Amino acid sequence: MDGRPPGPISLSRYPVEPAWLGIPTFGKLPLCQTPDDLRAGEVDIAIGGAPWDGTNQDRGGAHLGPRAIRASHLASPPHSHRHHASRVSPFETLVVCDYGDAHVVVGDPALTFRNLQEFVREILSAGSLPIVLGGDHGITWPCATAVAEHYGRGELALIHLDSHADTAPDFQGNRYSHSSSIRHLIEEGAVRGEHVTQIGLRGYFPPPEIQDWMDEVGIRAHYMTEIEDRGLDAVISGALAAASSGPAHAYLTVDIDVADPSCAPGTGAPEPGGLTSRELLKAVRRVAAELGIVAMDIVEVNPAYDAGNGITARLAHYCVLEAITGTAMRKLGHGGEE
Ligand SMILES: [Mn+2]
């Protein structure tokens, strides 16, 4: 009579719903709460939050990142999304869920990092690929440690998109700094220095003695100056070719501040002169599609400093979508884009 089909109206009958309606999981994906849920659902990718800001040394607020990234989604569930260029439908190819948040303990980095490591281990033990939404970059230490323990210590490649190297031994004596995560992973043997590829570095860090240490341990660092000279596509192609001769498994860590502050103002330590949104999204997609990833985190989204329309959280959300699309492309045997 009123043009609607007969029967009661329910969300399950109308799965396309506005973004602001319902439980705010990532992209309105189903929620899994235990490893058994992941196994029962045969989940390929589990997206979890690490709402932690306790190891940040700059402008605080990254603990609000996961919620902002989750909320910044499109006006319908992603199941019908098709990636225009590749024509891949990532959510038809892969089962993806939201796994909730790790148990962070305010003021206690040691306990929080132990919980984060266990959170990622749980996801891996269920056979799912973890994507962790930070949180400050300190979380990469426990998260990548869990992945290295799963696939073999020293047998994990790390692709690190960031304006900062995060290779300081400590900050004012505090080893739990978000500037030290990559350093600890290498010094503890979780990841070997020559298996670390950093892309987008710029600014006035690190100081010479830390840059010397990076050279000594064999980190492959690609500074923005190289990207300006050669172009991002060429740098990514070279980096992926080099990484492909290393370990079979790769962890992708994306600090949103690798993007230029004009594209990602909502972050604690913005560095002018970075990637555009367009470049970052393609870089993430290419890493996932051409090299393949077994885990990812995206960190340092700080809603308190975001522009009014939340463009930083939106960019981070899209980075996750591109990683899922790239993973789907790889599963379907789509080649690279270059
Ligand atoms: Mn970082």
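Please refer to the structure placed before this passage.
So, how was this worked out
Residues numbered from 1 in each chain as written. Predicted model: local features only at pLDDT ≥ 70, side-chain atom pairs only at ≥ 80, totals over all residues. Heavy atoms only, no water. Donors = N, O, S within 2.8 Å, 3.2 Å for Na, K, Ca; no water. Helix = DSSP H or I, 4+ residues; strand = E, 2+ residues; numbered from the N terminus. Buried < 20%, exposed > 50% of the residue type's maximum accessible area, 1.4 Å probe, protein only. Pairing = 2+ DSSP bridges. Axes fitted to C-alpha atoms, helices over the stretch in contact; angles between N-to-C directions. Contact = heavy atoms within 4.5 Å. Core = buried A, V, L, I, M, F, W, Y, C linked by side-chain atoms within 4.5 Å. 1 Å grid on protein atoms, 1.4 Å probe; cavity = no way out; pocket = protein on both sides within 12 Å on 5 of 7 lines; lining within 4 Å. Points joined across faces, edges and corners; volume = space filled by probe spheres on them.

A. Spatial organisation of the coordination of the manganese ion. All of the protein donors around the manganese ion are His-137 (ND1), Asp-162 (OD), Asp-166 (OD) and Asp-255 (OD); their distances to the metal are 2.0 to 2.4 Å. Along the chain, the residues that donate to the manganese ion are spaced as H-x24-D-x3-D-x88-D. Of the two residues, Asp-162 sits in the loop between strand 4 (156–161) and helix 6 (181–187) while Asp-255 sits in strand 7 (residues 249–255), which places them 93 residues apart along the sequence. For the pair Asp-162 and Asp-255, one class covers both residues: buried.

B. Representation of the sheet that holds strand 2 (residues 96–101) within the structure. With respect to topology, 8 strands assemble into an open sheet ordered 2-1-3-8-7-4-5-6, the strand pairing being parallel. Each of the sheet's edge strands pairs with one partner strand only, and the pair in question is strand 2 and strand 6 (220–223). Direction aside, the axes of adjacent strands within the sheet are offset by 15° on average. One ladder, built from 5 bridges, connects strand 7 with strand 8 (residues 295–299); its direction is parallel. Counted as the bridge partner of Asp-255 is Val-299 from strand 8. Those strands touched by helix 5 (residues 140–151) are strand 3 (129–134), strand 4, strand 7 and strand 8, and its axis lies near 170° from that of strand 7. With respect to the sheet, helix 11 (residues 311–331) is in contact with strand 1 (45–50), strand 2, strand 3 and strand 8, its orientation differing from that of strand 8 by roughly 165°.

C. Structural detail: the nonpolar core. Core analysis: the largest hydrophobic core is formed by 56 residues, its most contacted members being Ile-47 and Leu-280. Those residues in contact with Ile-47 that sit more than four places away from it in its chain are Phe-26, Leu-29, Arg-70, Val-96, Cys-97, Asp-98, Tyr-99, Gly-100, Ile-131, Leu-133, Val-320 and Ile-324. In this structure, Leu-38, Val-43, Cys-143 and Ala-190 belong to the second largest nonpolar core, which totals 43 residues.

D. Molecular detail of the layout of surface pockets. Space inside the largest pocket adds up to approximately 440 Å³. Lining the largest pocket we find 25 residues, and of these Gln-57, His-164, Asp-166, Ser-179 and Phe-205 sit closest to its centre.

By themselves, these figures tell us nothing about what the structure is for.
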